[in-house]
Amino acid sequence: AAAFLMAVVCRGMSDEETAQLTRAMIRSGDTIDLSGVGGPLVDKHSTGGVGDKVSLPLAPLAAACGLRVPMMSGRSLGHTGGTLDKLESIPGYRTDLAPDRFAEGIERIGFAMIGQSDTVVPADRRLYALRDVTGTVESVPLITASILSKKFAEGASALVFDVKTGSGAFMQRPEQARELAVSLVRAAGELGRRAAACITDMDEPLGRTVGNFLEVEEAVGCLQGRGPADLEALTLRLAGWMLTLGGLCREPDEGERIARARLADGSAWRRFLANVEFQGGDVQALLDPRRSPRARFSRPVTTAEEGYVRRVDARAIGMAAVALGAGRSRKEDRVLPGVGITLLKVRGERVRANDEIALVHADDEARGEEARRLVAGACAIGPEPPSERALVIEEIAGS
């Protein structure tokens, strides 16, 4: 197997070969049968980033628009956050649903959110462990097969990929991100599934919070129409693509308009609350701050400079979150639900000397000081405002 992985790195794989590997990986374990669920089954996959809580508002929004969203997500590792850790920061929320319960949630509410079980695509875990020790983790065909096998084993019939690029992304260079996006879309096509990819900016954190329950609260704000502009814009764009692939509209702009209406009328927010209750979560923790997870204390990060925030480095902020215990350095690390970072100033905003630019929420003084140092170093201040940046860099649709 190690020789095979090295051969893939050295020789590459065609789209057909990548699809064949994906099929073999899917057949290595159980699959979830959602044939009895009515409606288009469409999911989204993100390659991971800092502050990327899009799945939380996107799944209920897509469901409110008429899609069925079977979402199998992962945990945080390194500087990137994990959807499962965010969901499990809601007291009582369970992501280990049995297949029949998973299907029931999708049928009743329109979506359900689970983690990968030991019996779904076991070949992926075996191969990933081997890739880690053979230096073959960054192979695009192997990444493609890993992503597609898990997503299609969960029952999705169409997929939108959010491929991140920038300092906080796995694929830091745009050309790397494009290569992966094209591979994902083409291999999905070889498997007979509709797919599209958005290459999006992850040079800076998405939204203003990084940390598990902090990001849940920001996702709730988005569902209630008071979220940060970048989070709302990306959520709506990805929803537009999901509706297009699901056949509920002709093109993403139309889908975006439909999704915006469902966000405005509160139906997406109601779906999220129904899902939290269905999966065992404490709904009151979302409605009453006194019942929600909180860090022991918060400390400000100030700036000595005056000018404009020119950049907030995503990787440095992600590492600050790991230092606080919001993420993992190793798979066995325990994450803390209430700790994290709130960005009070973001790219393009004006600051004065001694302004607070961030809050660090910590349970431990030493960890908090380390995080404050990292956050301070992540924020670049200059005399002129920065140029505009595109959140969605490129969109790639399958044929």
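Preceding this paragraph is the structure being described.
Here we summarise the structure given alongside this text.

Rules used throughout
Sequence order as written defines residue numbering, which begins from 1 separately in each chain. Only residues with pLDDT of at least 70 are given local features in this predicted model, and only at 80 or more are side-chain atom pairs given and counted; all residues enter the totals for whole chains, interfaces and linings. With hydrogens and water stripped out, all remaining heavy atoms of the structure feed into the side-chain values. In this scheme, strands are said to pair when DSSP sees at least two bridges between them. Comment: elements are numbered from the N terminus, with helices defined as DSSP H or I runs of at least four residues and strands as E runs of at least two. Pairs of residues are marked as contacts when any of their non-hydrogen atoms sit within 4.5 Å. To obtain an axis, a line is fitted to C-alpha atoms, over the contacting stretch when the element is a helix, and the angle between two such axes runs from 0 to 180 degrees between their N-to-C directions. Any residue under 20% of the maximum accessible area for its type is buried, any over 50% is exposed, and the rest in between are partly exposed; the area is computed with a 1.4 Å probe on protein chains only. For Phe, Tyr and Trp, rings pair up if their centres lie within 6.5 Å, where Trp contributes its six-membered ring, and each pair is then called stacked (planes under 30 degrees apart), edge-to-face (over 60) or tilted (otherwise). Here, a charge over a ring means that NZ of Lys or CZ of Arg falls within 6 Å of the ring centre while also lying within 35 degrees of the ring normal. In this text, buried Ala, Val, Leu, Ile, Met, Phe, Trp, Tyr and Cys residues form a nonpolar core when linked through side-chain atoms within 4.5 Å. For the purposes of these results, a polar contact is taken to be a pair of N or O atoms within 3.5 Å, where, inside protein, one atom must be able to donate a hydrogen and its partner to accept one; residues adjacent in sequence count only when each atom of the pair is a side-chain atom. Orientation is classified from the angle alone, with under 35 degrees giving roughly parallel, over 145 giving roughly antiparallel, 65 to 115 giving roughly perpendicular, and any other angle giving oblique. Throughout, a crossing is termed right-handed when the near helix is turned clockwise from the far one, and left-handed when it is turned anticlockwise from it by less than a right angle. Nonpolar residues are Ala, Val, Leu, Ile, Met, Phe, Trp, Tyr, Cys and Pro. Charged residues are Asp, Glu, Lys and Arg, and all others, Gly as well, are polar. One side-chain nitrogen of Lys or Arg within 4 Å of one carboxyl oxygen of Asp or Glu is enough to make a salt bridge.

### Details of the sheet that holds strand S12 (residues 379–382)
Link 1 in the chain: A sheet is described by the order of its strands in space; here three strands give the open sequence S10-S8-S12, paired in antiparallel fashion. Both outer strands of the open sheet, strand S10 (350–351) and S12, are each paired with one neighbouring strand and no more.
Link 2 in the chain: Inspection of the sheet shows strand S8 (residues 307–312) paired to S10 by two bridges, in the antiparallel sense. Of the residues in S10, the one forming a bridge with glycine 307 is valine 351.
Link 3 in the chain: The strands that helix H15 (residues 365–378) touches are S8 and S12; relative to S12, the one it contacts most, it runs at about 40 degrees.

### Some details on unusual backbone geometry
Link 1 in the chain: Here the phi dihedral of valine 121 falls at roughly 45 degrees; this positive angle occurs in a residue that is not glycine.
Link 2 in the chain: Assignment of secondary structure puts valine 121 in the loop between strand S3 (111–115) and helix H6 (122–134).
Link 3 in the chain: By relative accessible area, which is 0% here, valine 121 ends up buried.
Link 4 in the chain: In this structure, asparagine 354 takes a positive phi of about 75 degrees despite not being glycine.
Link 5 in the chain: The class of asparagine 354 is exposed, set by a relative accessible area of 62%.

### Considering the packing of aromatic side chains
Link 1 in the chain: Evaluation of the coordinates by the stated rule reveals one aromatic pair.
Link 2 in the chain: Ring geometry for tryptophan 269 against phenylalanine 272: centres 6.4 Å apart, planes inclined by 25 degrees, an arrangement best described as stacked. Taken together, the positions of tryptophan 269 and phenylalanine 272, both in helix H12 (residues 267–278) and three residues apart, correspond to about one turn of that helix.
Link 3 in the chain: Overall, the relative accessible area of 13% leaves tryptophan 269 in the buried class.
Link 4 in the chain: Accessibility expressed as a relative area gives 0% for phenylalanine 272, which makes it buried.
Link 5 in the chain: We note arginine 101 situated over the ring of phenylalanine 278; from NZ or CZ to the ring centre the distance is 3.7 Å.

### A look at the nonpolar core
Link 1 in the chain: Counting 106 residues, the largest nonpolar core has Phe272, Leu286 and Ile317 as the members making the most contacts within it.
Link 2 in the chain: Tallying contributions element by element places helix H10 (residues 229–245) first for this core, with nine residues.
Link 3 in the chain: If we ignore the near neighbours within four places in the chain, the residues touching isoleucine 317 are Val50, Pro205, Val210, Val312, Ile341, Leu343, Val375 and Ala378.
Link 4 in the chain: If you look at the next biggest cluster of nonpolar residues, it comprises 24 residues, including Leu159, Leu180, Val185 and Ala187.

### A word on the side chain of aspartate 43
Link 1 in the chain: As for its position among the elements, aspartate 43 is in strand S1 (residues 42–46).
Link 2 in the chain: A polar side-chain atom of aspartate 43 sits 2.8 Å from a polar atom in the side chain of lysine 151.
Link 3 in the chain: Contact partners of aspartate 43, with chain neighbours within four places excluded, come to Val69, Pro70, Met71, Met72, Lys151, Glu154, Ala156, Ala158, Leu159, Val160 and Met242.

### Here we look at the sheet that holds strand S13 (residues 392–397)
Link 1 in the chain: The four strands are arranged S1-S4-S5-S13 in an open sheet whose pairing can be described as mixed. Each having just a single partner strand, S1 and S13 make up the two edges of the open sheet. Strand-to-strand twist across the sheet, computed as the mean angle between neighbouring axes with direction ignored, equals 15 degrees.
Link 2 in the chain: The pairing of strand S4 (residues 158–165) with strand S5 (residues 194–201) spans eight bridges and is classified as parallel.

### A closer look at the packing of helix H1 (residues 2–11) against H6
The angle between the axes and the distance between the axes are what describe a pair of packed helices.
Link 1 in the chain: Relative to each other, H1 and H6 sit at 70 degrees, their axes nearing to 10 Å. The orientation of H1 with respect to H6, classified from their angle, is roughly perpendicular. As H1 packs across H6, the resulting crossing turns out to be right-handed. Here H1 contributes Ala2, Leu5 and Met6 to the contact with H6, which in turn contributes Leu127, Leu130, Arg131 and Thr134.
Link 2 in the chain: Of the residues that constitute the contact of H1 with H6, the class distribution is five nonpolar, one polar and one charged.

### A short note on the pattern of salt bridges
Think of it this way: side chains of opposite charge can pair up when their charged atoms draw near.
Link 1 in the chain: Per the counting criterion, the structure on display carries 33 salt bridges.
Link 2 in the chain: For arginine 347, the salt bridge identified is with glutamate 204, shortest N-O distance 2.9 Å. Separated by 143 residues along the polypeptide, arginine 347 in the loop between strand S9 (340–343) and S10 and glutamate 204 in the loop between S5 and strand S6 (209–210) bring together distant segments of the chain.
Link 3 in the chain: Overall, arginine 347 belongs to the partly exposed group, its relative accessible area being 25%.

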